[in-house]
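Chain by chain, the residues run as shown.
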Amino acid sequence: MRTGNEPMTARSPLRLRLCLSLWGMAWAVFGLTAFSLVDRPGWAAACGLLLLLTLVDLVVIVRHIHQGPHYQPGRNIPPYEPDHGGRGRYGH
């Protein structure tokens, strides 16, 4: 059942995003190092840009995790307002 307030109550998998960001950062560092050693400046720059993006994403994720349940509600917080009945299909 849709209640209409899903964008306000959506949950973000922050721990998964944190792990993926760390994984991407590790590969970006590896690529930056490897392409720098084999003298490929274009690919090294691309990996450096990817490293910068993953660092920014990591900062945002950690900030949201530290802000607490407002951005990462626990299992005891319902994802949406329960249906109180009496409303038709279009909220009338």
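Note that this is a predicted model, so its numbers are computed, not measured.

Draft legend 1. Molecular detail of the pattern of salt bridges. Counted under the stated rule, the structure contains 1 salt bridge. Residue Arg17 pairs with Asp57 through a salt bridge whose shortest N-O separation is 3.0 Å. Here Arg17, found in helix α2 (residues 14-37), pairs with Asp57, found in helix α3 (residues 41-66); they are 40 residues apart in sequence, far enough to count as distant. The partly exposed category is assigned to Asp57, whose relative accessible area is 27%.

Draft legend 2. Structural view of the packing of aromatic side chains. One pass over the structure, following the stated rule, counts 3 aromatic pairs. Ring centres of Trp23 and Trp27 lie 6.0 Å apart, and the angle between their planes is 70°; on these two criteria the pair is classed as edge-to-face. Note that Trp23 and Trp27 are positioned in helix α2 at a spacing of 4 residues, about one turn of the helix. Judged by relative accessible area, which is 55%, Trp23 ranks as exposed. When the centroid spacing of 5.5 Å and the interplanar angle of 90° are considered together, the rings of Trp27 and Phe30 count as edge-to-face. Taken as a pair, Trp27 and Phe30 lie in helix α2 at a separation of 3 residues, close to a single helical turn. Judged by relative accessible area, Trp27 falls into the partly exposed class, the value being 48%.

Draft legend 3. Structural context of a nonpolar patch on the surface. Among the surface-exposed residues, Leu49, Leu52, Leu53, Val56 and Val60 lie close enough to one another that they form a single nonpolar patch of about 450 Å² accessible area. For Leu53, the location among the structural elements is in helix α3.

Draft legend 4. Broad picture of α3. Spanning 26 residues, α3 covers 37 Å between terminal C-alpha atoms, matching the ideal 38 Å at 1.5 Å per step. Taken together, the buried positions of α3 are Ala44, Cys47, Leu51, Thr54, Leu58, Ile61 and His64. Of the surrounding secondary structure, the elements contacted by the buried residues of α3 are α2.

Cut-offs used in this document
- Residues numbered from 1 in each chain as written.
- Predicted model: local features only at pLDDT ≥ 70, side-chain atom pairs only at ≥ 80, totals over all residues.
- Heavy atoms only, no water.
- Salt bridge = Lys/Arg side-chain N within 4 Å of Asp/Glu carboxyl O.
- Helix = DSSP H or I, 4+ residues; strand = E, 2+ residues; numbered from the N terminus.
- Buried < 20%, exposed > 50% of the residue type's maximum accessible area, 1.4 Å probe, protein only.
- Phe/Tyr/Trp six-rings, centres within 6.5 Å; stacked < 30°, edge-to-face > 60°.
- Patch = residues over 30% accessible without salt bridge, like charges linked within 9 Å, V, L, I, M, F, W, Y side chains within 5 Å.
- Areas by Shrake-Rupley, 256 points an atom, 1.4 Å probe, with all protein chains shown as cover.
- Expected span 1.5 Å × (residues − 1).
- Contact = heavy atoms within 4.5 Å.

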